[in-house]
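Residue-level listing of the chains:
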Amino acid sequence: MSATLLAGVELGGTKCVCILGTGPDDIRARITVPTLDPDTTLDSIAAIIQKWREQPGPPVALGVASFGPIDLRRDSPTYGCMGATPKHGWANADIAGYFTRRFALPVGITTDVIGAALAEGRWGDAQGLSDYAYITVGTGIGAGLIVAGQSVFGCHHPEVGHARIVRAPGDTWPGNCPFHGDCIEGLASGPAIEARSGRPAGSLESDSPVWETVVHALAQLNHLLVVTAAPQRILVGGGVMSAQPHLFPRIRRAVLESLNGYLHIPQVLNDIDRFIAPPGLGTLAGPLGALAIAATIEL
């Protein structure tokens, strides 16, 4: 399938990236559109895909890596639909169904973080690993977990960004998640940072005191993954992390302090810079995740 064209859509809370190609070394086109209401956004994406079907040539499959929560149960009547999301107007949007009805080609769908995790395992810094995690810190916070080579999925896909955590001492800010207030996403996502500081996360100085609480929350997330999923590596991407790389060494130190000597894991104790690291595919991990989904579809 490597010689055939694939189409992918990374559907994010702020923007959507449409990509055409076969992998990181063969990207034929990449177009970004804003995430507005579902009808406007999906129609804009469909117009791009339709143009690609005419030139340079029809893709054989479409992969969609979407913000969530998404119903991924194939036996469910709402398979491929958005769940109760903080993104206004998107609850119950039938994403997979829209593209299946619009185009005569196979459509695969999963979450954006699972897609990025699959891409890192296929082409990036998780190659050769059977157990790893990909975290995104952007408009939302989520994690794609790969265990024994498969994405974790039971009654639902993991939503660890909405886990409750131990708050930083003295921090009483209520958070901005409309469902949970001070969950990890409510404390450390891009919108949370802006709500707390009054400025977009990407423009905030590295010495802002807001980062102390963000680092604490993200370290708690990494701690949680270490003691539950036990990954061989944790890759952390998303717009906040790419714009603020100073967060990496601070998160690593905070994770070591939080674990406090528990679990003598060589990867953590001896190579923390490699254990908690940026994605090998950089900012392309998300869009390439959509291609990775398309690549797994049986034609």
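Model, not experiment: these values are computed from the prediction.

Caption draft 1: Molecular detail of the sheet that holds strand β1 (residues 6–11). Spatially, the 5 strands line up as an open sheet ordered β3-β2-β1-β4-β5, and their pairing is mixed. On the outer flanks of this sheet lie β3 (26–34) and β5 (107–111), each paired with one strand and no other. Sheet twist, expressed as the mean angle between neighbouring strand axes with direction ignored, is 15°. Here helix α1 (residues 38–54) sits on the sheet in contact with β1, β2 (15–23), β3 and β4 (62–66), set at roughly 25° to β2. Where helix α2 (residues 95–102) meets the sheet, its contacts fall on β1, β4 and β5, and the angle it forms with β5 comes to roughly 165°.

Caption draft 2: Region of interest: a nonpolar patch on the surface. On the surface, Val227, Tyr262 and Leu263 cluster together into a nonpolar patch covering about 280 Å² of accessible area. Here valine 227 lies in helix α6 (residues 210–228). Note on valine 227: relative accessible area 40%, which makes it partly exposed.

Caption draft 3: Highlighting the pairing of β1. Of all 6 residues in β1, 5 are buried; the element is thus mostly enclosed. As paired strands, β1 and β2 are joined by 6 bridges and run antiparallel to one another. The residue of β2 that forms the bridge with glycine 8 is isoleucine 19. What sits between the antiparallel neighbours β1 and β2 is a turn of 3 residues. Of the pairings in the sheet, the one linking β1 to β4 comprises 5 bridges and is parallel in character. Counterpart to glycine 8 in the pairing with β4 is glycine 63.

Caption draft 4: Expanded view of the pattern of salt bridges. Counting across every chain of the model gives 10 salt bridges. Ionic pairing is found between aspartate 71 and arginine 73, a salt bridge with its closest N-O pair at 3.1 Å. Of the residues examined, arginine 73 reaches a relative accessible area of 38% and is grouped as partly exposed. One salt bridge in this structure joins aspartate 94 and arginine 101, with 3.2 Å as the shortest N-O distance. Using a relative accessible area of 62% as the deciding quantity, one classes arginine 101 as exposed.

Caption draft 5: View of the pairing of strand β9 (residues 234–237). Of the two faces of β9, the one lined by Ile234 and Val236 and the one lined by Leu235 and Gly237 are each fully buried. In terms of strand pairing, strand β6 (residues 132–137) meets β9 through 4 bridges, oriented parallel. If you follow tyrosine 134 over to β9, its bridge partner there is leucine 235. One ladder, built from 2 bridges, connects β9 with strand β10 (residues 276–277); its direction is parallel. Bridging from a neighbouring strand, isoleucine 234 pairs with isoleucine 276 of β10.

Caption draft 6: Region of interest: the side chain of serine 66. With respect to the helices, strands and loops of the structure, serine 66 is situated in strand β4. Excluding its chain neighbours within four sequence positions, the residues that come into contact with serine 66 are Leu11, Met82, Ile95, Thr110, Thr111 and Asp112.

Caption draft 7: Region of the structure containing the layout of surface pockets. Roughly 600 Å³ of internal volume is contained in the second largest pocket. Lining the second largest pocket are 23 residues, and of these Thr110, Ile114, Leu118, Ser151 and Thr296 lie nearest its centre. Among the elements of the structure, β5, α3 (112–123), β8 (150–151) and α11 (285–295) are those that each provide at least two residues to the lining of the second largest pocket. Each residue belonging to the lining of the second largest pocket can be placed in one class, and the counts come to 14 nonpolar, 7 polar and 2 charged.

Caption draft 8: Looking closely at unusual backbone geometry. Here the amide bond leading from glycine 68 into proline 69 is cis, since omega sits at 5°, within 30 degrees of zero. Here the phi dihedral of asparagine 92 falls at roughly 75°; this positive angle occurs in a residue that is not glycine. Note that asparagine 92 resides in the loop between β4 and α2. Positive phi values are uncommon outside glycine, yet leucine 263 reaches one of about 65°. Take leucine 263: it is sitting in the loop between α8 (247–259) and α9 (266–270). Among the residues examined, leucine 263 registers a relative accessible area of 31% and is labelled partly exposed.

Criteria and thresholds
Residues numbered from 1 in each chain as written. Predicted model: local features only at pLDDT ≥ 70, side-chain atom pairs only at ≥ 80, totals over all residues. Heavy atoms only, no water. Pairing = 2+ DSSP bridges. Helix = DSSP H or I, 4+ residues; strand = E, 2+ residues; numbered from the N terminus. Axes fitted to C-alpha atoms, helices over the stretch in contact; angles between N-to-C directions. Contact = heavy atoms within 4.5 Å. Patch = residues over 30% accessible without salt bridge, like charges linked within 9 Å, V, L, I, M, F, W, Y side chains within 5 Å. Areas by Shrake-Rupley, 256 points an atom, 1.4 Å probe, with all protein chains shown as cover. Salt bridge = Lys/Arg side-chain N within 4 Å of Asp/Glu carboxyl O. Buried < 20%, exposed > 50% of the residue type's maximum accessible area, 1.4 Å probe, protein only. 1 Å grid on protein atoms, 1.4 Å probe; cavity = no way out; pocket = protein on both sides within 12 Å on 5 of 7 lines; lining within 4 Å. Points joined across faces, edges and corners; volume = space filled by probe spheres on them. Nonpolar A, V, L, I, M, F, W, Y, C, P; charged D, E, K, R; others polar.

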